[in-house]
Number of protein chains: 2
Amino acid sequence: MKDNNELSGGSLLLAWQLKGKTVLIVGGGDVASGRIESILTADASIILISPNDGLHPRTKHFLEQYPTRITYKDRIFSGEQDLANIDMVLTAVDDVEASRAICQLCRQAKIPVNVADIPPSCDFYFGSQVRDGPLQIMISTNGQSPKLANIIRRRIEKCLPEHAGEAITKVGSLRNKLKERAPGVGGEVGKRRMRWMIDVCTAWEMEDLAALDDDMIARLIDDGWEKGRVPSGAEVGVPPKGPVAATGPGNLVPIATFVFGALCSAAFFTLRRR
Amino acid sequence: MKDNNELSGGSLLLAWQLKGKTVLIVGGGDVASGRIESILTADASIILISPNDGLHPRTKHFLEQYPTRITYKDRIFSGEQDLANIDMVLTAVDDVEASRAICQLCRQAKIPVNVADIPPSCDFYFGSQVRDGPLQIMISTNGQSPKLANIIRRRIEKCLPEHAGEAITKVGSLRNKLKERAPGVGGEVGKRRMRWMIDVCTAWEMEDLAALDDDMIARLIDDGWEKGRVPSGAEVGVPPKGPVAATGPGNLVPIATFVFGALCSAAFFTLRRR
């Protein structure tokens, strides 16, 4: 039984969908350039409002690289009319009063808003992020320590399975092909599809999933789904992994230790015999 | 220079703030019970609408445990009036048409909405989550493979530094105390504070940060911040870690290998002498 106090003190972590949406970014400095990158990643259009002399080199780079996705306005925020048809607002300017005023307008218009460095004016916070293709990971310390969030992010990057992003892409592709083969939303077939996908993901290594191509996916569905089983990677044509080298770095230490032990003992016997 | 195509295809990962907000959850089954847990964690009030015979045991448990935080209505969703003063809507019911209708009403009222299992009716998705106190991590595969998201979540749980949540709590506390000692938003003092906090987090091990108490935090500020330096853990009173055991499990294998080598060599010499 959980303690009543345990379920509190956090945020609701979400993957917000911005495809086809328009995001207003006010400010063009260092922080704003990071926001631009996040918003482009999420497939939204951007309206950027910032005087030209406040643009960070990275912001300028994005303006040059994505001229059709970013509409740039070389001026300061001018009021409510700047919020027409906007789905989200991110501000990153040094003027605290101006920031709070923008937040106020957004709240009236029910537009989600983030004001950099002023937590009470934020409907949501950002966190440290990892990305590998369709895989996205966010680390939030709920505003307590961005630096520790970064340290933890690097730790996570190191321990992520190799090919994780690729494996996810291929599993997504397998799932789509399976839906074509056995269509239907929900119900019995939906549950059976879900169970079989879980079985495949559990039985296979990330690396083997990542190696799937269209032919192998077809064979996996023919020999697996159709027969109610999970074939091995080899059965559908996943190339075998190279044999583990007998003298890989992992084996050198015990071998050296064994030899050292043998030499010590030999030296002992040799010296004793003299 | 990044490829133009690289910045696309993702979501915007966010830590949504719900303190003092009200979330409407429609449905009371298994999925809804998970939503209830996430929303309680984020400090929001909940209005739960679901006929009593559709309540999952976990949902019932939450209703009993959190009677003041969840307002329960034993009926189905009745229309626009149920959305009054609601800040977010999550639905998890089997009726696809009813779900889509609720989504439509939310979009008109500009209320963020998630409809379980119907991605086009979602303003945001959920992901696999890890929590350790103030530390929250979300793993999203952008809907491609929830199972792989779970496998990656377990991998991340294993590789997280021990005491990470505790370390973040203590660093948050250090930062608050530092702000009392050297107040001011932004400007030169703000930058100096940020730099010093980064230096402390970089120099100290997670375990030592987690061991900080109020007295040590006061000493860290007196002997560190005030003198423009970063004291060691020992200097402010963090107890030393126990010495690494000479025959810890990590050492047993090389010791055994050495002994085995010595014995083999001894046997060889002994046998040869006969």
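Predicted model only: the values in this text are computed from it and were never measured. (Residues numbered from 1 in each chain as written. Chains lettered and ligands numbered in written order. Predicted model: local features only at pLDDT ≥ 70, side-chain atom pairs only at ≥ 80, totals over all residues. Heavy atoms only, no water.)

## A short note on the overall build of chain A
Alright, step 1. Check the secondary structure of chain A and you find ten helices and nine strands.
Alright, step 2. Here chain A has a C-alpha radius of gyration of 28 Å; the compact-globule value for 274 residues is 19 Å, and the former is much larger.
Alright, step 3. Seen along its three principal axes, the alpha-carbon backbone of chain A occupies a region of about 95 × 65 × 50 Å.
Alright, step 4. Contacts in chain A between residues at least 24 apart in sequence constitute 55% of all its contacts with a sequence separation of at least 6.
Alright, step 5. Accessible surface for chain A amounts to roughly 14000 Å². Of this, 53% is attributable to carbon and sulfur atoms.
Alright, step 6. Taken as two groups, the 34 positive and 33 negative side-chain charges of chain A have centres that lie 6 Å from each other. (Helix = DSSP H or I, 4+ residues; strand = E, 2+ residues; numbered from the N terminus. Rg over C-alpha atoms; globule rule 2.2 N^0.38 Å. Contact = heavy atoms within 4.5 Å. Areas by Shrake-Rupley, 256 points an atom, 1.4 Å probe, with all protein chains shown as cover. Lys, Arg positive; Asp, Glu negative; His and termini not counted. Charge placed at Lys NZ, Arg CZ, Asp CG, Glu CD.)

## Quick word on the sheet that holds strand β4 (residues 70–73) of chain A
Residues and elements named next belong to chain A.
Alright, step 1. Pairing in this open sheet of five strands is parallel, and the strands run β4-β3-β2-β5-β6 from one edge to the other. A single partner strand is all that each edge strand has here, and the edge strands are β4 and β6 (113–115). Taken over all neighbouring pairs, the strand axes of this sheet differ in orientation by 15° on average, direction set aside.
Alright, step 2. As defined by bridge partners, strand β3 (residues 45–49) adjoins β4 across four bridges and the pair is classed as parallel. Across the sheet, residue leucine 48 finds its bridge partner in β4, namely tyrosine 72.
Alright, step 3. Packing of helix α3 (residues 96–108) onto the sheet brings it into contact with β2 (22–26), β5 (88–91) and β6, and relative to β6 it is tilted by some 170°. (Pairing = 2+ DSSP bridges. Axes fitted to C-alpha atoms, helices over the stretch in contact; angles between N-to-C directions.)

## Some details on the side chain of Asn114(B)
Alright, step 1. Structurally, Asn114(B) is set in strand β6 (residues 113–115).
Alright, step 2. Apart from the residues lying within four places of it in its own chain, the contact partners of Asn114(B) are Arg35(B), Val89(B), Leu90(B), Thr91(B), Ser121(B), Cys122(B), Phe124(B), Tyr125(B) and Phe126(B).

## Regarding the pattern of salt bridges
Alright, step 1. Summed over all chains, the structure comprises 24 salt bridges over all chains.
Alright, step 2. Across the pair Arg181(A) and Glu226(A) runs a salt bridge, and its minimum N-O distance is 2.8 Å. Pair noted here: Arg181(A) is in helix α5 (residues 164–181) and Glu226(A) is in the loop between α8 (214–223) and α9 (233–236), with a separation of 45 residues, a long-range link.
Alright, step 3. Judged by its relative accessible area of 38%, Arg181(A) is partly exposed.
Alright, step 4. Arg153(B) is the salt-bridge partner of Glu157(B), the closest N and O atoms lying 3.4 Å from each other. Taken as a pair, Glu157(B) and Arg153(B) lie in helix α4 (residues 146–159) at a separation of four residues, close to a single helical turn.
Alright, step 5. Looking at Glu157(B), the relative accessible area reads 40%, which means it is partly exposed.
Alright, step 6. Residue classification places Arg153(B) among the buried residues on the basis of a relative accessible area of 18%.
Alright, step 7. When salt bridges that share partners are traced, they join Arg181(A), Asp222(A) and Glu226(A) into one network. (Salt bridge = Lys/Arg side-chain N within 4 Å of Asp/Glu carboxyl O. Buried < 20%, exposed > 50% of the residue type's maximum accessible area, 1.4 Å probe, protein only.)

## A short note on the domain arrangement of chain A
Alright, step 1. Annotation of chain A at the domain level lists domain 1 (22–125), domain 2 (127–160) and domain 3 (164–236).
Alright, step 2. The straight-line distance from the C-alpha centre of domain 1 of chain A to that of domain 2 of chain A is 23 Å. (Domains from an automatic or database assignment.)

## Quick word on the relation of the copies chain B and chain A
Alright, step 1. In the superposition of chain B on chain A (RMSD 0.3 Å, axial shift 0.1 Å), the rotation amounts to 179°. Read as a symmetry element, the transformation amounts to a two-fold axis.
Alright, step 2. Here 100% of the interface residues in chain B have copies in chain A that are interface residues too; the copies meet face to matching face. (Least-squares fit on C-alpha atoms with pLDDT ≥ 70 in both.)

## A word on the state of the cysteines
Alright, step 1. In total, this model carries one disulfide over all chains according to the counting rule given.
Alright, step 2. The side chain of Cys159(A) participates in a disulfide bridge whose partner is Cys159(B); the two sulfur atoms lie 2.3 Å from each other. Between Cys159(A) and Cys159(B), the S-S dihedral sits near -40°, and the bridge is therefore left-handed. You can see Cys159(A) sitting in helix α4 (residues 146–159) and its partner Cys159(B) sitting in helix α4, one on each of two chains.
Alright, step 3. Exposure remark for Cys159(A): the relative accessible area of 18% places this residue in the buried category.
Alright, step 4. With no disulfide of its own, Cys201(A) has Cys159(A) as its nearest cysteine by sulfur position, at a separation of 19 Å. (Disulfide = S-S within 2.5 Å.)

## A word on the sheet that holds strand β7 (residues 124–125) of chain A
Alright, step 1. Here we have four strands laid out as an open sheet, ordered β7(A)-β1(B)-β1(A)-β7(B), and antiparallel in their pairing. If you trace the sheet from one side to the other, it starts and ends with β7 of chain A together with β7 (124–125) of chain B, each paired once.
Alright, step 2. Here strand β1 (residues 12–16) of chain A runs beside β7(B); their pairing, made up of two bridges, is antiparallel. By the bridge assignment for β7(B), Ala15(A) is matched with Tyr125(B).

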